[in-house]
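Chain residues, written in single-letter form:
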Amino acid sequence: MQLKHYQQTALDALGGYFQTCVQVNSPNVAFYRYTLERYGTGVPYTEAPGLPGPPYVCLRIPTGGGKTLVASHAVGVAARELLQADQVVALWLVPSNIICDQTIQALKAQRHPYRQALEAVFGAVTVLSVGEALAVQPATLATSTVVIVSTIQAFRVDDTEGRKVYEAAGALMSHLTPLPAASATLAMLEKRKDGSVIPSLANVLCLHQPIVIVDEAHNARTPLSFETLSRFNPACVLEFTATPSDKDSPSNVLHSVSAAELHAEDMVKLPIRLETSPEWKSLLADAIAQRDMLEQLAGTEQSQTGEYLRPIMLLQAEKTYKGKETVNVDVLRDCLLQDFRIPEAQIARATGDYAELENIDLTDPACAIRYIITVQQLREGWDCPFAYVLCSMAEMVSSTAVEQILGRIMRLPQVRRKQQDELNKAYAFAASNNFSIVAKALTDALIQNGFERHEVAAYIEKAPKLPQFTGPLFEALAADAASFVVHAEPALNRLPAQTAAKVTYDPNTHTVIFKGLMQEHDREALKQVCTTASDQDAVEQAYHSLQGKSLATDVDISAQRDNLFSVPLLAIQQGSLFEPLEQTHIMSLGWQLSHCDPVLSEAEFPSVRPTGQVGEVTFDAADGRIRSYSLDALHQQMTLLAADHGWTEAMLVTWLDRTLPNRADITQPEARAFLVALVCHLLDARSLTLDQLVHDKYRLRTAIIEKIARHRETAYRVNLNRLFALEATAPITVTPEVAFVFDSERYHYTRPYTGAYRFRKHYYDIVGNLGAEGEEFECAVHLDTHLKVAKWVRNPEREPNAFWLPTSTGRFYPDFVCQLTDGRLLVVEYKGKHLWDKPSEREKRLVGEVWEQQSNGTCVFVMLTERQFGEIDAKL
């Protein structure tokens with residue numbers, strides 16, 4: 001499964017941080033330095049109680065963002081960049097037994113994306129429960145990456161099952177006899193009174209220094225949890241959660257994904273349409289009507305795209321209380337069966353007493369289920385993207401009442417935007433007479449699902465009134481009829497005779513039925529006799545329904561067309577066709593790695609590993625245990641555990657060839673020829689030994705990656721200049737036929753602008769990735785107040801929905817893209833003075849100038865530094 005852009009960005013941040021950890025040999029210093037370099041602001045690092053040594057960082061990903069998939073890839077990132085090991089042990093902690101079982105099942109399934117992510121890096125992978133791990137053999141740990149999945153509760157000493165982890169197990173004796181004599185972890189192993197090491201699973205984990213994955217980490221940040229983790233001497237702890245802790249021991253949030261990124265990449269259904277009503281049967285009728293409408297749209301979607309989906313409604317019943325009448329599971333089911341005549345096969349109960357979803361594939365077209373009644377059973381570990389409508393009989397007065405179940409209706413089926421826009425949204429119906437209270441609870445619930453507060457307002461909207469359910473509960477309606485429920489009885493006696501003849505009213509169900517074609521005068525007459533705004537809205541919806549269109553789609557197409565923000569890309573002509581100039585065109589001019597210099601100098605690859613705190617052992621006064629904190633000691637431990645014996649030169653070349661990334665433009669013969677020459681030079685000319693190179697193979701791999709990157713950049717820069725040269729056979733041009741269009745519904749950003757100045761001309765409501773002060777902010781204000789700028793976008797960097805220009809190293813994303821009042825386009829790149837003269841920045845200026853020159857006066861490019869905003873004015 002290909003990762004979404006924001007998922008890969010999160011993993012890149014993790015890899016970059018681990019590389020910085022290795023460089024500076026300090027997770028604390030590395031965190032501040034890396035966040036300063038990546039985000040422009042250094043973030044202080046908070047050490048977890050009892051875990052002052054290993055990197056302990058958090059990736060914040062909202063509900064529906066694929067945290068578990070990212071975690072599966074993160075194990076490989078940690079192994080390569082931090083531990084520098086081919087095989088590792090990972091301890092994967094989840095919040096509940098249900099999720100534990102689901103995670104084990106997914107990681108063991110050969111075709112599951114989680115499993116494939118691990119196998120792509122490690123090859124051999126073994127997934128174990130705690131019970132299975134109590135008998136794991138040394139050969140398994142030596143020849144495969146072992147992932148042990150558990151709840152953190154199962155490792156606590158006060159738990160019956162947890163005690164087994166710390167007790168002697170005969171099956172584990174061979175792991176600890178004999179022990180590696182030079183191991184810095186020996187002092188940390190738990191021992192008997194006679195000094196002998198206990199052959200326990202806890203000690204085996206301590207010896208192998210596991211990568212710890214903590215799923216839903218906000219549930220595992222108690223002092224007891226930290227103490228439990230410390231017993232296993234983790235190499236690193238990686239938290240994955242939508243809501244990082246900001247309390248006593250705040251999470252070290254390395255990277256935060258915004259809800260806007262999920263929405264832009266079609267991961268979630270947004271916005272959420274909310275309707276409230278104090279009368280639960282009326283509310284249920286509205287919800288059924290909504291679900292029925294969605295199923296009709298799903299049929300249209302399938303005929304157009306071939307994608308099958310069957311919208312499902314989740315009904316949250318009230319709890320049953322003795323002596324109190326409630327809309328409980330049984331009452332709700334009886335209402336669906338008797339009042340609404342829903343077929344029994346379409347209803348399933350998922351509660352503590354009923355498990356009617358057991359072994360049911362809800363995505364199977366043969367499945368009839370459309371209504372699922374629950375109380376709280378679906379709040380944990382349940383997932384079905386077909387769930388579109390939440391109808392809650394329980395008062396949504398607090399975020400905790402709705403937080404988890406809300407997440408069940410937010411995932412977008414097939415992670416693909418639908419042509420029928422109503423199928424891209426979620427729908428919530430709440431039994432309440434106070435819309436604002438429910439909206440606040442929904443807002444708080446979204447925040448608990450990982451949304452930022454500033455984002456939520458844009459993602460909750462009040463639902464327009466739909467014609468209500470028209471099934472067996474009411475008189476069967478003809479194709480030219482519509483019905484709707486009103487809250488107050490309309491004064492039908494005041495209707496004109498010609499309109500009154502088409503209208504009937506059922507006082508028992510508060511339903512108005514209109515038969516025949518509703519004319520505009522009929523609509524206005526009906527609205528006059530309806531006394532509430534919501535009833536008048538219902539009339540309006542009925543009118544549009546009978547006209548064959550809904551309010552949601554009755555929009556001004558010309559206005560949308562006028563609002564289009566299209567920017568031509570730099571294009572290349574291939575015969576009679578034009579296509580964006582990409583790095584593939586630069587690659588197509590060719591380069592040969594085997595012809596490049598294979599020599600690694602002493603500066604590029606020092607003969608001696610840079611020294612650090614090798615094997616530092618300290619005493620932790622918090623619990624009286626001895627701990628080792630050094631990353632160098634971690635690498636030594638991984639080397640001691642690895643089977644790095646008996647290697648040949650050919651084996652080393654093969655390993656390097658297999659583990660080098662970014663190979664699309666390098667054939668295997670080219671790579672092997674380069675690597676053979678490189679290794680031979682290190683052995684012959686620099687007199688390094690093969691054992692040295694094998695011992696330091698990860699450091700060698702890093703040096704080779706950097707060497708190849710420099711060769712590639714040089715070759716591509718030459719190729720790009722060849723393409724721009726006048727003698728180029730494939731002309732470079734700028735044409736409206738090849739353009740990037742800003743999607744009005746999708747705007748990628750990781751953090752919003754929150755300053756006091758209110759931008760007036762930004763294309764989107766939110767300005768992304770812009771600080772509230774500084775040179776770039778001042779540039780944005782200059783553009784926003786410029787008389788010749790009609791609208792502008794803070795262009796996201798390295799995002800799918802962003803304007804870009806090609807460079808020899810990939811793409812660059814200018815800071816600002818503007819549409820001018822005269823129709824021209826202005827692109828502005830702001831650069832700090834310290835970067836102005838770098839070769840990469842000179843290349844960007846060249847590419848921008850070519851883009852402007854080839855546009856025949858329709859495009860303007862400006863690169864600025866030191867607040868030289870007058871250059872924008874001069875160009876315009």
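Each remark here, short or long, concerns the structure printed above.
Note on numbering: residues in each chain are counted from 1, in written sequence order. Where totals are concerned, whole chains, interfaces and linings use all residues; where local detail is concerned, this predicted model gives features only for residues with pLDDT of at least 70, and gives and counts side-chain atom pairs only at 80 or more. Hydrogens are left out, water is left out, and the side-chain values use all remaining heavy atoms of the structure.

1. Overview of the sheet that holds strand 19 (residues 577–580)
Strands are treated as partners if at least two bridges between them are detected by DSSP. Elements are defined by DSSP. Helices are runs of H or I of four residues or more, strands are runs of E of two residues or more, and each kind is numbered from the N terminus. Strand order in this open sheet of three strands is 19-18-22, and the pairing throughout is antiparallel. Since the sheet does not close on itself, it has two edges, and those belong to strand 19 and strand 22 (732–742), each with one partner. Ignoring which end each strand starts from, the neighbouring axes of this sheet average 50° apart. Sheet analysis places strand 18 (residues 565–574) next to strand 22, joined by seven bridges and oriented antiparallel. When the sheet's bridge partners are listed, Leu570 is paired in strand 22 with Val734. Along the sheet, helix 28 (residues 839–853) contacts strand 18 and strand 22; its crossing angle with strand 18, the most-contacted strand, is approximately 95°. Only C-alpha atoms enter the line fits that serve as axes; for helices the fit covers just the stretch in contact. Angles between N-to-C directions range over 0 to 180 degrees. The criterion used for residue contact is that any of the two residues' heavy atoms lie within 4.5 Å.

2. Digging into helix 13 (residues 329–339)
Among all positions of helix 13, only Val329, Leu332, Arg333, Cys335 and Leu336 are buried. Seen end-on, helix 13 carries its buried residues on one side only, within an arc spanning 155°. Among the structural elements, helix 12 (280–305), strand 9 (312–316), strand 10 (347–350) and strand 11 (371–374) are those in contact with the buried residues of helix 13. The term polar contact refers here to a pair of N or O atoms within 3.5 Å; inside protein, the definition further demands a hydrogen-donor-capable atom paired with an acceptor-capable atom, and it admits residues adjacent in sequence only when both atoms are side-chain atoms. With a side-chain oxygen lying 3.2 Å from the backbone nitrogen of Asp330, the N-terminal cap of helix 13 falls on Asn328. Throughout, exposure labels follow a simple rule: accessible area from a 1.4 Å probe, protein chains only, divided by the maximum for the residue type, with under 20% read as buried, over 50% as exposed, and the rest as partly exposed. Each C-beta atom gives one direction from the helix axis, and the arc is the one those directions make.

3. Considering the packing of helix 26 (residues 697–724) against helix 28
Between helix 26 and helix 28, the shortest axis-to-axis distance is 12 Å and the interhelical angle comes to 20°. Here helix 26 lies roughly parallel to helix 28, going by the angle between them. For the element pair helix 26 and helix 28, the recorded crossing hand is left-handed. Contacts between helix 26 and helix 28 involve Arg717, Leu720, Asn721 and Phe724 from the former and Pro839, Ser840, Glu843, Leu846, Val847 and Val850 from the latter. Grouping the constituent residues of the contact of helix 26 with helix 28 by class yields six nonpolar, two polar and two charged. Oblique is the label for any angle not covered by the other classes, which are roughly parallel (under 35 degrees), roughly antiparallel (over 145) and roughly perpendicular (65 to 115). If you view the pair so one helix is near and one far, a crossing is left-handed when the near helix is turned anticlockwise from the far one by less than a right angle, and right-handed when it is turned clockwise. Residue classes follow a fixed rule: Ala, Val, Leu, Ile, Met, Phe, Trp, Tyr, Cys and Pro count as nonpolar, while Asp, Glu, Lys and Arg count as charged, and any other residue, Gly among them, counts as polar.

4. Regarding the environment of Cys779
Along the chain, the position of Cys779 falls in helix 27 (residues 775–784). For Cys779, a relative accessible area of 0% translates into the label buried. Separated by 37 residues in the primary sequence, Cys779 and Phe816 place their C-alpha atoms 9.0 Å from one another. Leave out the neighbours within four places in its chain, and Cys779 touches Phe816, Val828, Tyr830, Leu864 and Phe869.

5. As for the sheet that holds strand 26 (residues 816–820)
An order of 23-26-27-28 is seen for the four strands of this open sheet, with the pairing classed as mixed. Among the strands making up the open sheet, the edge pair consists of strand 23 (789–794) and strand 28 (859–864). The sheet shows a mean angle of 20° between the axes of neighbouring strands, direction not considered. Relative to strand 28, strand 27 (residues 825–830) is paired through six bridges, and the arrangement is parallel. Residue Leu826 lies in a different strand from strand 28, and its bridge partner there is Val860. Contacts from helix 27 reach strand 23, strand 26, strand 27 and strand 28, with the element oriented near 165° to strand 27.

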